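Descriptive analysis of the structure
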Amino acid sequence: MLRFILGFIGAVFAAVLLISFFSNLATYFQNPPAPLAADEFHKEPKEVHFSSDGPLGKFDKAQLQRGFQVYAEVCSACHSLKMVSFRDLKQLGYNDAEIKKIASDWKTQVPSINPDTGEPATRKALPSDNFPAPFANETAARAANNNALPPDLSLITKAREGGAHYVYSLITGYANQAGYKNEKGEELLKKFPDAKTPQNLHFNPYFANLNIAMPPPLTSNGQVTYAPGNPAPTVDQMAKDVAAFLVWTAEPNLESRHAAGLAVTIFLLIASILGYFAYQQIWYEAKRGVRLTGPLDPENQAKTRRTKAKAGIAG
């Protein structure tokens, strides 16, 4: 009886869920949700080539150094790089003396304690230190950025879909909202009059909701001065360089991982070929004998017949 009652209650719950599901489904098709400006005017990241792309990708150290320069002179004013230390820059081609100077001259000092008084203090960074954050805490960061919190850039190319392509597109994707049209030729503010960018935000179709708190970080060619022998520091070039640098901060061991993957692939390919030839040489023509066991074994069949004869069973 108890089993019947529990089964009946379960059937009632299942029926209610089915009715609710089909009711909501009917409502969805009868009154579909209104389209959103972010759905119809958001753009996917631009197609751009980075030397680290693909399974055989490698870093261009000259580009990484230029990207670090862009970060140091532009991005570091708001964005931290807390998972990277100064000594990691050695992988970019800087020597120990250069790294020591970069750490010592860094615009933000490292929080410390005064050994004489025990009071909070700051000191110059050492090569062993991670890059210090530009703000003392989240409250200070929000206060300086209209209540927006600038994200840490250490893993930004891993944390955002599109990686370096997204970072590059975001930096170069700021546009004038007035008269902006999508690929279908539809004008944003005519189709969505309420989608006007609020005060203190900036229109960028590559951002998820089209409006971003960060103002354009790269506004003019030559904003960062590159050393002689490097490409001209256009906005496009600087955006590519800093995006490539942030690929390195997110995955500094990319080259060794690619090399290991290539070695493993070659090993597995050779092992597969050797295994195939071994099969052809040893096992391909080997006869596979089937051992008769159980009721098919002749001895077992003879025993069955004798037992049946003794019991007077036909067959």
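Worth saying up front: this structure is predicted, and the values here are computed from it rather than measured. Every chain is numbered independently, its residues counted from 1 as its sequence is written. This being a predicted model, a pLDDT of at least 70 is required before a residue's local features are given, and a value of 80 or more before pairs of side-chain atoms are given or counted; all residues contribute to the totals for chains, interfaces and linings. The basis for every side-chain value is the complete set of non-hydrogen atoms in the structure, without hydrogens or water.

**A short note on helix α11 (residues 298-311)**
Each helix is a run of DSSP H or I of at least 4 residues and each strand a run of E of at least 2, with the numbering of both proceeding from the N terminus. For a helix, the expected span equals 1.5 Å multiplied by the residue count minus one. Between its first and last C-alpha atoms α11 spans 20 Å; for 14 residues at 1.5 Å apiece the expected length is 20 Å, and the two agree. Of the residues flanking the end of α11, it is glycine 312, one or two places downstream, whose phi is positive at about 70 degrees.

**With respect to unusual backbone geometry**
Even without a glycine there, the phi angle at asparagine 146 is positive, about 55 degrees. Tracing the backbone through its elements, the reader meets asparagine 146 in the loop between α5 (138-143) and α6 (156-159). Accessible area is worked out with a 1.4 Å probe on protein chains only. A residue is then buried under 20% of its type maximum, exposed over 50%, and partly exposed in between. Relative accessible area serves as the criterion here: at 56%, asparagine 146 is assigned to the exposed category. With a phi close to 70 degrees, asparagine 147 is a non-glycine residue in the positive phi region. Among the residues examined, asparagine 147 registers a relative accessible area of 55% and is labelled exposed.

**Examining the layout of surface pockets**
A 1.4 Å probe that fits but cannot get out identifies a cavity on a 1 Å grid over protein atoms alone, an open set with protein on both sides within 12 Å along at least five of seven lines counts as a pocket, and a residue lines either if it has an atom within 4 Å of a point. Grid points are joined across faces, edges and corners, and a volume is the space filled by probe spheres set on the points. The space that makes up the largest pocket amounts to roughly 690 Å³. His79, Pro150, Pro151, Ile212 and Met214 are, among the 30 residues lining the largest pocket, the residues nearest its centre. Taken together, the elements giving at least two residues each to the lining of the largest pocket come down to α7 (164-172) and α9 (235-250). Per-element accounting of the lining of the largest pocket gives the leading share, 4 residues, to α7.

**A word on a positive patch on the surface**
A patch is a set of surface residues, each over 30% in relative accessible area and not in a salt bridge, joined within 9 Å for like charges and within 5 Å for the nonpolar side chains Val, Leu, Ile, Met, Phe, Trp and Tyr. For every accessible area listed, the method is Shrake-Rupley and the probe measures 1.4 Å; residues are considered covered only by the protein chains on display. A carboxyl oxygen of Asp or Glu within 4 Å of a side-chain nitrogen of Lys or Arg is what we treat as a salt bridge. Positive charges come from Lys and Arg alone, negative charges from Asp and Glu alone, with His and the N- and C-terminal ends not counted. Lys charges are placed at NZ, Arg charges at CZ, Asp charges at CG and Glu charges at CD. A contiguous patch of positive charge, built from Lys303, Arg305, Arg306 and Lys310, is present on the exposed surface. With respect to the helices, strands and loops of the structure, arginine 306 is situated in helix α11. Arginine 306 gets classed as partly exposed once you look at its relative accessible area, which sits at 49%.

**Regarding the nonpolar core**
Residues Phe68 and Leu89 are the most contacted members of the largest nonpolar core, which totals 47 residues. With 10 residues, α9 is the largest single contributor of residues to this core. Any two residues whose heavy atoms approach within 4.5 Å are treated as being in contact. Not counting residues up to four positions away in its chain, the partners in contact with leucine 89 are Phe68, Tyr94, Ile99, Ile102, Phe131 and Trp248. Buried residues of nine kinds, namely Ala, Val, Leu, Ile, Met, Phe, Trp, Tyr and Cys, make up a nonpolar core once their side-chain atoms join them within 4.5 Å. Counting 8 residues, the second-largest nonpolar core is a separate cluster that includes Tyr180, Leu188, Phe192 and Leu210.

**Digging into the packing of aromatic side chains**
Centre distance within 6.5 Å is the pairing criterion for rings of Phe, Tyr and Trp, where only the six-membered ring of Trp is used; planes under 30 degrees apart are then read as stacked, over 60 as edge-to-face, and the remainder as tilted. Using the criterion set out here, one finds 14 aromatic pairs in the structure. Seen in terms of ring centroids, phenylalanine 68 and tyrosine 94 are 6.0 Å apart; in terms of plane orientation they differ by 70 degrees. Their pairing is edge-to-face. Of the two residues, phenylalanine 68 is situated in helix α3 (residues 61-73) and tyrosine 94 in the loop between α3 and α4 (96-105); the sequence distance between them amounts to 26 residues. Ring centres of phenylalanine 86 and phenylalanine 131 lie 4.2 Å apart, and the angle between their planes is 35 degrees; this geometry places the pair in the tilted category. You can see phenylalanine 86 sitting in the loop between α3 and α4 and its partner phenylalanine 131 sitting in the loop between β2 (120-123) and α5, a full 45 residues away along the chain.

**Some remarks on a nonpolar patch on the surface**
A surface patch of nonpolar side chains, about 1,100 Å² in accessible area, is lined by Met1, Leu2, Phe4, Ile5, Leu6, Phe8, Ile9, Val12, Phe13 and Val16. When you line up the elements, methionine 1 lands in the segment before α1 (2-30).

**Quick notes on the pattern of salt bridges**
What the rule picks out here adds up to 11 salt bridges. Measuring nitrogen to oxygen at the nearest pair gives 3.2 Å for the salt bridge that ties lysine 90 to aspartate 96. A relative accessible area of 48% means that lysine 90 is categorised as partly exposed. Close ionic contact of lysine 191 with glutamate 186 constitutes a salt bridge, the shortest N to O distance being 3.3 Å. Given a relative accessible area of 25%, glutamate 186 falls into the partly exposed group.

**Considerations on α9**
Across its 16 residues, α9 extends 23 Å between first and last C-alpha, which sits within 8% of the 22 Å expected from 1.5 Å per residue. By the criterion of burial, α9 is predominantly enclosed, with 14 of the 16 residues buried.

**Considering the packing of α3 against α9**
Viewed as axis vectors pointing N to C, α3 and α9 meet at an angle of 100 degrees, and their least axial separation amounts to 7 Å. Classified by the interaxial angle, the pair formed by α3 and α9 is roughly perpendicular. Contact with α3, carried on its side by Gln63, Leu64, Arg66, Gly67, Phe68, Val70 and Tyr71, involves Gln237, Met238, Lys240, Asp241, Val242, Ala244, Phe245 and Trp248 of α9 and no other residues of that element. Across the contact of α3 with α9, the residue classes tally to 9 nonpolar, 3 polar and 3 charged. Lines fitted to C-alpha atoms define the axes here, with helix axes fitted over just the stretch in contact, and angles between the N-to-C directions of these axes take values from 0 to 180 degrees. Oblique is the label for every angle not falling under 35 degrees (roughly parallel), over 145 degrees (roughly antiparallel), or within 65 to 115 degrees (roughly perpendicular). Amino acids are sorted into nonpolar (Ala, Val, Leu, Ile, Met, Phe, Trp, Tyr, Cys and Pro), charged (Asp, Glu, Lys and Arg) and polar (every other residue, Gly among them).

**Brief notes about the pairing of strand β1 (residues 110-113)**
Two strands are said to pair when DSSP picks up at least two bridges between them. Bridge count for β1 against β2 is 4 bridges, and the pairing is antiparallel. Residue pairing for β2: isoleucine 113 is matched across the bridge by proline 120. Between β1 and β2, which pair antiparallel in sequence order, lie 6 residues; one of them, glycine 118, sits at a positive phi of approximately 80 degrees.

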